[in-house]
Amino acid sequence: MTTVATFEIGYTQFIDSQGEPTQPLPPFASDPATLIALYRAMVLARAFDAKAIALQRTGKIGTFASALGQEAVGVGAASAMRPEDVLVPSYRDHPGQFVRGVTMVESLLYWGGDERGSGFAGPRHDFANCVPIGTQVCHAVGAAYAFKLRREPRAAVCLLGDGGTSRGDFYEGLNIAGVWKVPVVLIVNNNQWAISVPRSSQSAAKTLAQKAIAAGVEGRQIDGNDVIAVRHATEEALAKARAGQGPTLIEALTYRLGDHTTADDATRYRDAETVREQWQYEPIARLRNCLARRGAWDKDKEEALQRECAEQVNRAVDDYLAVPPHGPDAMFDYLYATLPPALEEQRAMARRFAPRAGETRG
Amino acid sequence: MAEVNLVEAVNLALAYELEHDPDVIVLGEDIGVNGGVFRATVGLEARFGAGRIIDTPLAEAAIAGVAIGMAAVGLKPVAEIQFTGFMYPTIDQIINHAARMRNRTRGRLSCPMVLRSPSGAGIHAPEHHSESPETLFAHVPGLRMVIPSSPARAYGLLLAAIRDPDPVIFFEPTRLYRLFKQEVENNGEALPLDACFVLREGRDLTLVSWGAMLQETMAAADALAASGVSAEVIDVATLKPLDLAVILESVAKTGRCVIVHEAPRTVGCGAEIAAGLAEYGLTSLLAPVQRVTGYDVVVPLPRLEHQYMPSVDRIMDAARRALEYA
């Protein structure tokens, strides 16, 4: 037998769980202000998560998917993007969306069941939260093809989970990305759990990154709790994409420290001790340690930041709760560019039976 | 003005729009160098280049999915699924994303794509190549479901579908691809979507159909005319959203209606039309609405397909029932 193909998957980490560099840091990390901005974005996302869960428990929003412990993935990825790039997220990617300019009020509206939550006043061209798992991979590949065809120096960044890599849409989209050599970066937030199914039951592959190899696409693995590694890998992949060198799959290893959603109880299927162990690897403390080691962070700054983020979240909650309810027209307004006459009667019916102001919150 | 068959009309419409709108692209399996298994895209790759006429890997879900991504950032993709029997993997993408892209982004993004596919039985094709699943798509809010019944309507409706700002599912009856030719002026003039076409005016009976079944339906109208019955014939053309007004207006005049479709009966689009007649046109009906449809069976292999498909005899039988009802 002759060997006709071999592959290897590289793993990258810049700071370990203690915040200690494990190799020389990339140039962007030499400026503490850059790292502090990343730190701030992660702290804000975590404050938002905690508040959103509390809002769900008190009936102020519906089911919510927390990103607890995975903040570095979205924040690192989004911070590497240019405004004109396109983010194609899953439903657990508010940390990255906030960096892109989606507001916390919009996110609360979305999870609060208000149609207006996906209106994104900020990144108008970013895709909406994708709930059908992995289907968004194809959208990112299609968008990237459009950028390539029009010779625009833009790229699409797709976030998906470990469960998503089991789906046909992932394989089909990845395969096409390789054939068409499009400017797309697929980032797998491997948080080890697809609701109750652990990574080991999801795939027999040693890494999820190697799934790219079968499609002729570069695949690499990074420490997804190291925001420097996430940003660095995304920057490299985006530079490669813009240079016409095609797609990259990045598997970011992290851990879902919370439940799948507020409708889930993870104690049913996983050991509390394992989760406690995983807390020592979470992304925020390690970057704080890293900053403190460099003399760029201290207790006062930490307290000020925590206060500031809490106030920002509280303001967003107040603004969210003050949003007046939408009427039934919101169901019809954006169904088609122009409402077909066949639907006018149904809209009239919805208007007629809509609760009057003050009756119920719509 | 040239005489073209339906598949040539599709080709003309694609070429016209590719030439006049740089955002239009065509993608699918075997549609580039090979020109499509039915030759609908023949010559397009040579004329417009492989960047805009894209041979895709064999992956239907991704064909729909990447077309959605393309459309959301401003292209107007026209994607081909080789046969409607192979469309089912696209349904997740079409229902969960294409149909609701505009709605779920509050109009930030939209999905101006067309998903073309040859549909229907009657060409002695193998298993899975004779399906008529229009009802699956007609049920979905946010979609348009269009089926032409002649070269001229294929040309005009496909142009309209490509120009429409929302997703359109466009079935092309394979049986009509080369059945007959018609004068089609390649002038870029679209026909209206969301509108029925009255193909023949009549006083005594309304025959409602779409796609390839208009052949049998028109033949039945001819036979009825020979026996002194004046039948109005309506081509629904756009099944979603449905232009019920034209059908109601016709039945208000005739009082009798026969709906003909090749797809299976249960929850077929004919049921929606019949329900519309019951809700809004009951007092003008002089007889129960008749449906002549494919049976609720798996589309048979070629030896039985002509027994499955509604025939002129079956339409005549239903017409007699409608006409003889006291």
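All of these numbers come straight from a predicted model, not from anything done at the bench. (Residues numbered from 1 in each chain as written. Chains lettered and ligands numbered in written order. Predicted model: local features only at pLDDT ≥ 70, side-chain atom pairs only at ≥ 80, totals over all residues.)

The subject of this paragraph is the interface of chain B and chain A. In many analyses, interface size is given as the accessible surface area lost on bringing the parts together. Contacts between the two partners involve 37 residues from chain B, matched on the other side by 35 residues from chain A. Counting only elements with at least two residues in the side of chain B that touches chain A, the list comes to helix H3 (60-72), helix H4 (91-98) and helix H5 (101-104) of chain B. Per-element accounting of the side of chain B that touches chain A gives the leading share, nine residues, to H3(B). Broken down by class, the residue content of the side of chain B that touches chain A amounts to 17 nonpolar, 13 polar and seven charged. (Contact = placed C-beta atoms within 7 Å. Helix = DSSP H or I, 4+ residues; strand = E, 2+ residues; numbered from the N terminus. Nonpolar A, V, L, I, M, F, W, Y, C, P; charged D, E, K, R; others polar.)

Residue and element names in this part refer to chain A. Close contact between helix H4 (residues 104-111) and helix H11 (residues 299-322) brings their axes to 9 Å; oriented N to C, the two are set at 50°. One finds that H4 runs oblique with respect to H11. As H4 runs across H11, the sense of the crossing is right-handed. On H11, the residues touching Met104, Val105, Leu108 and Leu109 of H4 are Val313, Ala316, Val317, Asp319 and Tyr320. Across the contact of H4 with H11, the residue classes tally to eight nonpolar, no polar and one charged. (Axes fitted to C-alpha atoms, helices over the stretch in contact; angles between N-to-C directions. Parallel < 35°, antiparallel > 145°, perpendicular 65-115°, else oblique. Left-handed = near helix turned anticlockwise from the far one by under 90°.)

Here we come to the packing of helix H6 (residues 168-180) of chain A against H3(B). Across the interface, H6(A) lies against H3(B) with an axial gap of 9 Å and an inter-helix angle of 70°. Considering the angle they form, H6(A) stands roughly perpendicular to H3(B). Two secondary-structure elements touch here, H6(A) through Gly168(A), Asp169(A), Glu172(A), Gly173(A) and Ile176(A) and H3(B) through Ala61(B), Ala62(B), Gly65(B) and Val66(B). In the contact of H6(A) with H3(B), the residues fall into four nonpolar, three polar and two charged.

All names here are of chain B. If you trace the seven strands from one edge of the open sheet to the other, you get E3-E2-E4-E5-E7-E6-E12, paired in mixed fashion. In this open sheet, the two strands that pair with only one neighbour each are strand E3 (53-55) and strand E12 (238-240). When strand polarity is set aside, the average angle formed by the axes of neighbouring strands in this sheet is 20°. In the sheet, strand E2 (residues 24-28) pairs with E3 via three bridges, with the strands oriented parallel. Each bridged residue has a counterpart across the sheet, and for glycine 28 the counterpart in E3 is aspartate 55. Contacting E2, strand E4 (76-80) and strand E7 (168-173), helix H1 (residues 6-20) crosses the sheet at an angle of about 135° to E2. Against the sheet, helix H7 (residues 151-163) touches E2, E4, strand E5 (114-119), strand E6 (144-146) and E7, its axis set at about 160° to E7. (Pairing = 2+ DSSP bridges.)

Time to look at the confidence of the model for chain B. Averaged over every residue, the pLDDT of chain B is 97; the share at 70 or more is 100%. For this predicted complex, the interface score ipTM comes out at 0.96, while the overall pTM is 0.97. (pLDDT = per-residue confidence, 0-100.)

Take the environment of Ala156(A) next. Residue and element names in this part refer to chain A. The topology assignment puts alanine 156 in strand E3 (residues 156-161). Taking the C-alpha atoms as reference points, alanine 156 and alanine 296, 140 residues apart in sequence, are found 33 Å from one another. Apart from the residues within four sequence positions on either side, alanine 156 is in contact with Asp85, Val86, Val88, Ala140, Ala143, Ala144, Pro183 and Val184.

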